[in-house]
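Fold and contact review
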Amino acid sequence: LAKTTQPISMDSYEGQEVNITCSHNNIATNDYITWYQQFPSQGPRFIIQGYKTKVTNEVASLFIPADRKSSTLSLPRVSLSDTAVYYCLVGGSAAGNKLTFGGGTRVLVKP
Amino acid sequence: KAGVTQTPRYLIKTRGQQVTLSCSPISGHRSVSWYQQTPGQGLQFLFEYFSETQRNKGNFPGRFSGRQFSNSRSEMNVSTLELGDSALYLCASSLSQGPNYGYTFGSGTRLTVV
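Keep in mind that what you see is a predicted model, and the values were worked out from it rather than measured.

Further remarks concern the overall build of chain A. In terms of helices and strands, chain A carries 0 helices and 10 strands. Of the regular secondary structure in chain A, the N- to C-terminal order runs β-β-β-β-β-β-β-β-β-β. The globule rule puts the C-alpha radius of gyration for 111 residues at 13 Å, and the 14 Å found for chain A is close to it. Evaluated residue by residue, chain A yields a buried proportion of 47% over its 111 residues. A separation threshold of at least 6 residues defines the contact pool for chain A, and within that pool the share at least 24 residues apart is 55%. As displayed, chain A offers around 5500 Å² of accessible surface, 52% of which is attributable to carbon and sulfur atoms. Placing the 10 positive and 7 negative side-chain charges of chain A at their respective mean positions leaves the two points 8 Å apart.

All names here are of chain A. An order of S2-S7-S6-S5 is seen for the 4 strands of this open sheet, with the pairing classed as antiparallel. Strand pairing shows two members of the sheet lacking a second neighbour, strand S2 (18-23) and strand S5 (53-56), which therefore form its edges. Ignoring strand direction, the axes of neighbouring strands in this sheet form an average angle of 15 degrees. Pairing between strand S6 (residues 61-64) and strand S7 (residues 70-75): 3 bridges, direction antiparallel. If you follow Ser-61 over to S7, its bridge partner there is Ser-74.

For the coordinates displayed, the defined rule picks out 2 disulfides over all chains. Cys-22 of chain A shares a disulfide with Cys-88 of chain A; S-S distance 1.9 Å. Taken together, the residues Cys-22 of chain A in strand S2 and Cys-88 of chain A in strand S8 (residues 84-91) connect sequence positions 66 residues apart. A single burial state applies to Cys-22 of chain A and to Cys-88 of chain A, both of which are buried. Through a disulfide, Cys-23 of chain B is tied to Cys-91 of chain B; the S-S separation comes to 1.7 Å. On the sign convention where negative is left-handed, the bridge of Cys-23 of chain B and Cys-91 of chain B, at about -50 degrees about the S-S bond, is left-handed. Residue Cys-23 of chain B is located in strand S3 (residues 19-24), and its partner Cys-91 of chain B is located in strand S9 (residues 87-94); the two are separated by 68 residues in the primary sequence.

For the rest of this paragraph, the subject is unusual backbone geometry. Residue and element names in this part refer to chain B. The residue after Thr-7, namely Pro-8, is reached through a cis peptide bond having omega -10 degrees. When you line up the elements, Pro-8 lands in the loop between strand S1 (5-7) and strand S2 (10-13). Phi is positive for Ser-51, which is not a glycine, with a value near 50 degrees. You can see Ser-51 is positioned in the loop between strand S5 (42-50) and strand S6 (53-57).

It is worth spelling out the pattern of salt bridges at this point. All names here are of chain B. Per the stated rule, a full pass over the model turns up 5 salt bridges over all chains. Where Arg-63 meets Glu-82, a salt bridge forms, and the shortest distance between an N and an O atom there is 3.6 Å. Linking Arg-63 in the loop between S6 and strand S7 (64-68) with Glu-82 in the loop between strand S8 (74-78) and S9, this pair joins segments that are 19 residues apart in sequence. Judged by its relative accessible area of 43%, Glu-82 is partly exposed. Linking Glu-75 and Arg-67 is a salt bridge whose minimum nitrogen-to-oxygen distance equals 3.2 Å. Through salt bridges with shared partners, one network takes in Arg-63, Glu-82 and Asp-85.

The rules behind these values
- Residues numbered from 1 in each chain as written.
- Chains lettered and ligands numbered in written order.
- Predicted model: local features only at pLDDT ≥ 70, side-chain atom pairs only at ≥ 80, totals over all residues.
- Heavy atoms only, no water.
- Helix = DSSP H or I, 4+ residues; strand = E, 2+ residues; numbered from the N terminus.
- Rg over C-alpha atoms; globule rule 2.2 N^0.38 Å.
- Buried < 20%, exposed > 50% of the residue type's maximum accessible area, 1.4 Å probe, protein only.
- Contact = heavy atoms within 4.5 Å.
- Areas by Shrake-Rupley, 256 points an atom, 1.4 Å probe, with all protein chains shown as cover.
- Lys, Arg positive; Asp, Glu negative; His and termini not counted.
- Charge placed at Lys NZ, Arg CZ, Asp CG, Glu CD.
- Pairing = 2+ DSSP bridges.
- Axes fitted to C-alpha atoms, helices over the stretch in contact; angles between N-to-C directions.
- Disulfide = S-S within 2.5 Å.
- Salt bridge = Lys/Arg side-chain N within 4 Å of Asp/Glu carboxyl O.

The following block contains the structure:
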């Protein structure tokens, strides 16, 4: 079971880059790492997913070191609307595989 | 296209009762998973269904059960409700089983047990 650990909260300012690291020391070989964003009273929204090295899409980048024991979500040039809770999810597709969300990181973007 | 639909949005039940929550996945998605979200425990995985079969199960008591129909719609049932079952219950769908396909979440059902 891949236990995940994230910082509880972090503050930033508009236009800055925000980096959130998730630790997952017991990650299994077939586990993927996925990050979600959640606003109040809504379900989590998919941001980005990766298995190793670096993945980039239009909203974020995901950095995964060679040992895969951690991952870092990078949000470039945040705006006030990026204020949300961010979760990392570690898990694979194998039947019986446990899906473990991190505790979530509350990001507050200030003007 | 329509997203993941969960009904009802809000529910108030009395301790000891049972409740059934419904989830309609995105068209074409065959996997449905359920999560419980509380302020104290965060997002906890309940179970995942694929092709009408439970493929993964979290660490919840047997009072929590679910099923998936041939059209991929899913229901979860909680029997003998306890105060601690008050939570936001989220359903997510994906093309196939496992998070490597990326989940799309519904807005959840807010269950309050009194």
